[in-house]
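# Structural description and commentary
Single-letter residue listing:
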Amino acid sequence: MTDYGEEQRNELEALESIYPDSFTVLSENPPSFTITVTSEAGENDETVQTTLKFTYSEKYPDEAPLYEIFSQENLEDNDVSDILKLLALQAKENLGMVMIFTLVTAVQEKLNEIVDQIKTRREEEKKQKEKEAEEAEKQLFHGTPVTIENFLSWKAKFDAELLEIKKKRMKEEEQAGKNKLSGKQLFETDHNLDTSDIQFLEDAGNNVEVDESLFQEMDDLELEDDEDDPDHHPADPESDLTD
């Protein structure tokens, strides 16, 4: 007959020796304990970690132990789900044998895989960003290839904008024409225009300048004497008196 208690005590002693820094007893009846498992460091020293809690069932190892993830660091929800599935599979495959070391080892390997996946995911994200940056740079220098569809779309938008500009300009010109005053309207609205010409002439009359140099050579002009003119017949004053 199997002595389950003896097998459980022997395994607990072995586990405490194997995991001295991460093994913690929570209770003795039923036997319950935790083991913290940490992955190997990744490229940038990143790690993932989980603390597994185990509780022996009454007939362990012929029955699977109870297990759960007590705590975790840097694990995604899907990682936690994968670890629980792995524990269930390993527990089923190892029924009848003490199995905690096997379960913990399987989880250790899984955590290392997760770190590698993180590294791979980051590299892929980096490559994707580089590719997107390269594509953006190509677009900057080469522009968008012209197709019938995008040309027609651009032309429709351009024509609509041009029509809007023409309508606005016509409206402004029409408004400007309405606001332009005729000559009669200008005189009716601004009475200063009635006297502006008169005022201009008065101001000019008060400031007439005579150029005296135009009269300096008047004495040099030869004026013809009337007496030397043979056709000149002065009137006889006496004849006027006799008449």
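Data block above holds the structure.
Here the structure is a predicted model, which means the values were calculated and not measured.

Among the nonpolar cores identified, the biggest contains 25 residues, and L15, F33, I35, L52, I100, V104 and L111 are the most heavily contacted of them. No other element matches the eight residues that helix α3 (residues 100-142) contributes to this core. In this structure L15 touches F23, F33, I35, Y56, I100 and F101, once residues within four positions along its chain are discounted.

This part takes up the pattern of salt bridges. Considering all chains together, one arrives at four salt bridges under this definition. As a salt-bridge pair, K110 and E113 come within 4.0 Å of each other at their nearest N and O atoms. Highlighted residues: K110 and E113, both in helix α3, separated by three residues, approximately one helical turn. Accessibility expressed as a relative area gives 17% for K110, which makes it buried. Here D159 makes a salt bridge to K155, at a shortest N to O gap of 2.9 Å.

Right, let's get into the pairing of strand β1 (residues 23-28). Strand direction decides the pairing type here: β1 and strand β2 (residues 31-38), joined by five bridges, are antiparallel. Its bridge partner being in β2, F23 is matched across the sheet by I35. Linkage of β1 to β2, two consecutive antiparallel strands, is achieved through a turn of two residues.

Let us look at the packing of aromatic side chains. Describing an aromatic ring pair means giving the distance of the ring centres and the angle of the ring planes. In the structure shown here, the tally under the stated rule is six aromatic pairs. Judged by centre distance (4.5 Å) and plane angle (15°), the ring pair of Y56 and Y60 falls under stacked. Classification of Y56 as buried rests on a relative accessible area of 4%. Their ring planes at 15° and their centres at 5.3 Å tell us that W154 and F158 sit as a pair that is stacked. Pair noted here: W154 and F158 are both in helix α4 (residues 148-179), with a separation of four residues, about one helical turn.

Take a nonpolar patch on the surface next. Taken together, the side chains of V146, I148, F151, L152, W154, F158 and L162 make up a nonpolar region of the molecular surface, amounting to roughly 740 Å² of accessible area. On the secondary structure map, L162 appears in helix α4.

Time to look at helix α1 (residues 4-18). Over its 15 residues, α1 runs 21 Å from end to end, which matches the ideal 21 Å to within 8%, given 1.5 Å per residue. Buried residues of α1: Q8, E11 and L15, and no others. Along α1, the residues classed as buried sweep out an arc of 65° about the axis, all on the same side. Those residues of α1 that are exposed and angled more than 90 degrees off the buried face are E13 and S17. The N-capping residue of α1, defined by a side-chain oxygen 3.3 Å from the backbone nitrogen of G5, is D3.

The next thing to look at is the sheet that holds β1. Taken in spatial order, the four strands line up as β1-β2-β3-β4 in an open sheet, and their pairing is antiparallel. Every interior strand has two partners, whereas the edge strands, β1 and β4 (66-73), have only one. Neighbour-to-neighbour, the strand axes of this sheet turn through a mean angle of 20°, independent of strand direction. Pairing of β2 with strand β3 (residues 49-55) involves seven bridges; the strand directions are antiparallel. Directly across from V37, in β3, lies its bridge partner T50. Across the sheet, α1 touches β1 and β2, and the angle it forms with β2 is around 30°. The strands touched by helix α2 (residues 77-93) within the sheet are β3 and β4, with β4 carrying the most contacts at an inclination of about 150°.

What follows covers the side chain of T51. Locating T51 in the fold gives a position in strand β3. Overall, T51 belongs to the buried group, its relative accessible area being 9%. Side chain to side chain, T51 and T36 meet in a polar contact 3.0 Å long.

Topologically, N112 is positioned in helix α3. Residue class for N112 comes out buried when judged on its relative accessible area of 17%. Of the polar contacts made by the side chain of N112, one reaches the backbone nitrogen of E40; its length is 2.8 Å. Apart from residues lying up to four places away in sequence, N112 is in contact with S39 and E40.

Definitions and limits used
Residues numbered from 1 in each chain as written. Predicted model: local features only at pLDDT ≥ 70, side-chain atom pairs only at ≥ 80, totals over all residues. Heavy atoms only, no water. Core = buried A, V, L, I, M, F, W, Y, C linked by side-chain atoms within 4.5 Å. Buried < 20%, exposed > 50% of the residue type's maximum accessible area, 1.4 Å probe, protein only. Helix = DSSP H or I, 4+ residues; strand = E, 2+ residues; numbered from the N terminus. Contact = heavy atoms within 4.5 Å. Salt bridge = Lys/Arg side-chain N within 4 Å of Asp/Glu carboxyl O. Pairing = 2+ DSSP bridges. Phe/Tyr/Trp six-rings, centres within 6.5 Å; stacked < 30°, edge-to-face > 60°. Patch = residues over 30% accessible without salt bridge, like charges linked within 9 Å, V, L, I, M, F, W, Y side chains within 5 Å. Areas by Shrake-Rupley, 256 points an atom, 1.4 Å probe, with all protein chains shown as cover. Expected span 1.5 Å × (residues − 1). Arc of directions from axis to C-beta. Polar contact = N/O pair within 3.5 Å; in protein donor to acceptor, adjacent residues only side chain to side chain. Axes fitted to C-alpha atoms, helices over the stretch in contact; angles between N-to-C directions.

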